[in-house]
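Remarks on the overall topology
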Amino acid sequence: MDDKINVLLSGDISAATPILEKLIQLNNGSFKFPELDVDNLRPQLWCALFDYLKNPKMTNVHQLCLSNIRILSREKTQLDDIVCESWINILLEMSGLYQLTVVEDDESHADQTPSDNIIIESLKCLCNLVFNSKAVQDLCQKNCMNEGIICRLRTYRERNIPHEIKYFDMKLLFAITALCPAVREKVKNEYHGFAYLIESLDELLKDLLPLTPAFQNTQSRDHPYFINDTELDLSCEILKTLFNLILQNKNSNFDEDDETYILRLMIICHSLLLCKTSSNDKKNELHSNIVNFFTGVPNSCYDELAPLVANFKTYSKDYEFEGRNMKAVHTLIEFLQHKLSTIQNVATWQYENLSPILSVMHKAASGSRYLRKYLRSVILPPLTDVHTRPEEGDSIRSQLCRLLTTPVTHVRDLTAEFLLILCKENVGRMIKYTGYGNAAGHFANRGLLGPNRQSGGESQYSSDSEDSDTEEYLAMRHTVNPVTGCYEPPRIDPMAGCTEEQKEYEAMKLVNLMDQLSRAGVIQPCRVGPDGRPEPVEHVLQLQEDLPNQQVQNQKS
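What comes next concerns the included structure. (Residues numbered from 1 in each chain as written. Predicted model: local features only at pLDDT ≥ 70, side-chain atom pairs only at ≥ 80, totals over all residues. Heavy atoms only, no water.)

Moving on to the packing of helix H21 (residues 409-422) against helix H23 (residues 436-446). H23 packs onto H21 with a crossing angle of 85 degrees between their chain directions and a minimal axis gap of 10 Å. Comparing their axes, H23 and H21 come out roughly perpendicular. On H23, the residues touching Arg 412, Asp 413, Ala 416, Glu 417 and Leu 420 of H21 are His 442, Asn 445 and Arg 446. For the contact of H21 with H23, the per-class residue count stands at 2 nonpolar, 2 polar and 4 charged. (Axes fitted to C-alpha atoms, helices over the stretch in contact; angles between N-to-C directions. Helix = DSSP H or I, 4+ residues; strand = E, 2+ residues; numbered from the N terminus. Parallel < 35°, antiparallel > 145°, perpendicular 65-115°, else oblique. Contact = heavy atoms within 4.5 Å. Nonpolar A, V, L, I, M, F, W, Y, C, P; charged D, E, K, R; others polar.)

Spelled out as structure tokens, the structure:
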């Protein structure tokens, strides 16, 4: 390696070319370069490569140098110490981003525009450096990188820009907005990046969907269209960047312009949800990015996913619900079902894969009466089978019930809140669908264990009960154990035939055993406090104190 670097440092282009080619061949699949850890070889190699890039007479090896930089920039080692601002500026010039901000409309500089291959390779280098170097991330907050990307984004309609350049533009902008929160406000508002990104997504879909730029012609929104892999990949990068730009509104403090843009985006996403793709993997990738974007959208905007059927010339009657087309919503339900069916008992997997879609389902049910009623009809249909525990089986309800006891608290709480919303925040109704045992933890956290057992939010829902119990359920309701949520056959009373003295003896025996467990710290007996949450007691006999009052309240309720 010493000999190769010495040749590169010599500046002999004829000798350097085969070495640059050989380095690419040897390292193309590598992400670590331990051979550069000795004798200061890594800084020397980086310096040699950028010396060639700075020399306008060495254009023949510029792409080879950029390819080597792209490979070397996969490794974080020493990047913060090696890479300097002048080198980043060289890459900006070679990616065409610097010229766009300085001479955007100056035709006299057209000859200075780098070739497409040089632009693409430079963008790849910048992507790696932004991902792997904190120093480069800091530079992004003061150089022209963001402005340059937005400037080129504005020309996508007029100029015949190759897909790869668009793709790596968006990949770079996503990396910057993800890793440098300070630039989001500037990109979104000062450079009007939010509007231009939406227009770019709109233009991308123009050839795909026969719709107007503002997507006002909703008569074709129910038709499935094919989106190829290149269009899909670019759409995903745009959606990821848009998600970063709305992250700054953590408390949903969107202004009127923001909500207008978001409503337009919801219509675009409605169309994307209905597109056909080359494979299920690509479909799931697209839907995953749409769902991630939806997590940052205000609840009030979710109605756009259920447009009126009056706006459609043709549509599938299977997805009509109360005069609205629910096909896109059903696509989200299928995505949830896919995630649930591939669930793994790994905390990080559950959090990363289930949290976004569960959050979207919760926001949709909370923000739209139509969506809540449709989701309830699919996920919690009227009960017919009471012989199976709620958590058993492959239905969405069963899989969600299993999540109510997952150790991943965020997923557990999201699931419980979603189901509670579907039940119009009626505790008794949720017990019917999930079983008290599965939902008790959430009820305890929310203070819903008291005798009235109401969440306080039922008043915001419509008066119709949506509770049309089936004949099968009504016939078996008295045999359903509310704790398990399913039918249990009558059992022989173990105390049958015992005298009152024997019953009292067994009861005190149980009390003493519980007291021993309590003193040993194995259990902590509790009773329901006035706030509806469990509160510890010092002795198990205290559990008897409020028993008569609780029994009276339960009879009333």
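Here the focus is the pattern of salt bridges. Oppositely charged side chains may form a pair once their charged atoms are brought near each other. Summed over the entire model, instances satisfying the criterion amount to 22 salt bridges. Here Glu 285 and Lys 282 are joined by a salt bridge, their closest N and O atoms 3.4 Å apart. Pair noted here: Glu 285 and Lys 282 are both in helix H16 (residues 280-294), with a separation of 3 residues, about one helical turn. By relative accessible area, which is 31% here, Glu 285 ends up partly exposed. Residue classification places Lys 282 among the buried positions, given a relative accessible area of 18%. (Salt bridge = Lys/Arg side-chain N within 4 Å of Asp/Glu carboxyl O. Buried < 20%, exposed > 50% of the residue type's maximum accessible area, 1.4 Å probe, protein only.)

What follows covers empty space enclosed by the protein. Throughout the structure, instances matching the rule amount to 6 cavities of 30 Å³ or more. Each pocket or cavity is described by its volume, and for the largest cavity that value is around 70 Å³. Forming the boundary of the largest cavity are Leu 153, Arg 154, Tyr 156, Arg 157, Tyr 196, Glu 199, Ser 200 and Glu 203. Going through the elements one at a time, helix H10 (145-154) and helix H13 (193-206) are the ones with two or more residues in the lining of the largest cavity. No other element matches the 4 residues that H13 contributes to the lining of the largest cavity. Of the residues belonging to the lining of the largest cavity, the class tally is 3 nonpolar, 1 polar and 4 charged. (1 Å grid on protein atoms, 1.4 Å probe; cavity = no way out; pocket = protein on both sides within 12 Å on 5 of 7 lines; lining within 4 Å. Points joined across faces, edges and corners; volume = space filled by probe spheres on them.)

Considering soluble globular proteins, one finds that nonpolar side chains tend to be buried as a cluster. Within the largest apolar cluster, 151 residues are counted, with the highest numbers of intra-cluster contacts made by Trp 46, Met 145, Leu 172, Phe 294 and Leu 375. When residues in this core are grouped by element, the largest group, 9 residues, is from helix H8 (residues 116-132). (Core = buried A, V, L, I, M, F, W, Y, C linked by side-chain atoms within 4.5 Å.)

Attention now goes to the packing of helix H2 (residues 13-27) against helix H4 (residues 62-72). Contact pair H2 / H4: the axes reach a minimum separation of 9 Å and the direction vectors enclose 30 degrees. Judged by the inter-axis angle, H2 sits roughly parallel to H4. The chirality of how H2 crosses H4 is left-handed. Seen from H2, the contacting residues are Thr 17, Leu 20, Glu 21, Leu 23, Ile 24 and Asn 27; seen from H4, they are Leu 64, Cys 65, Ser 67, Asn 68 and Ile 71. (Left-handed = near helix turned anticlockwise from the far one by under 90°.)

The terminal C-alpha atoms of helix H17 (residues 327-341) lie 21 Å apart, and with 15 residues this matches the ideal 21 Å at 1.5 Å per residue to within 8%. Buried residues of H17: Ala 328, Val 329, His 330, Thr 331, Leu 332, Ile 333, Phe 335, Leu 336, Lys 339 and Leu 340, and no others. Lining the buried residues of H17 we find helix H15 (256-273), H16, helix H18 (347-367), helix H19 (369-379) and helix H20 (396-403). (Expected span 1.5 Å × (residues − 1).)

Its location among the elements puts Leu 45 in helix H3 (residues 41-54). By relative accessible area, which is 5% here, Leu 45 ends up buried. The spacing of Leu 45 and Ile 5 is 40 residues in sequence and 6.1 Å in space, taken between C-alpha atoms.

Attention now moves to the packing of aromatic side chains. Scanning all chains against the criterion turns up 9 aromatic pairs. Measuring from centroid to centroid gives 5.1 Å for Tyr 167 and Phe 168, while their planes differ by 80 degrees, and the two rings are edge-to-face. For Tyr 167, a relative accessible area of 19% gives the class buried. Under the relative-accessibility criterion, Phe 168 is labelled buried at 13%. Ring centres of Phe 293 and Phe 294 lie 6.3 Å apart, and the angle between their planes is 50 degrees; on these two criteria the pair is classed as tilted. Here the two residues Phe 293 and Phe 294 agree in accessibility, since each one is buried. Ring pairing ties together the aromatic residues Trp 46, Phe 50 and Trp 87, which thus form one cluster. (Phe/Tyr/Trp six-rings, centres within 6.5 Å; stacked < 30°, edge-to-face > 60°.)

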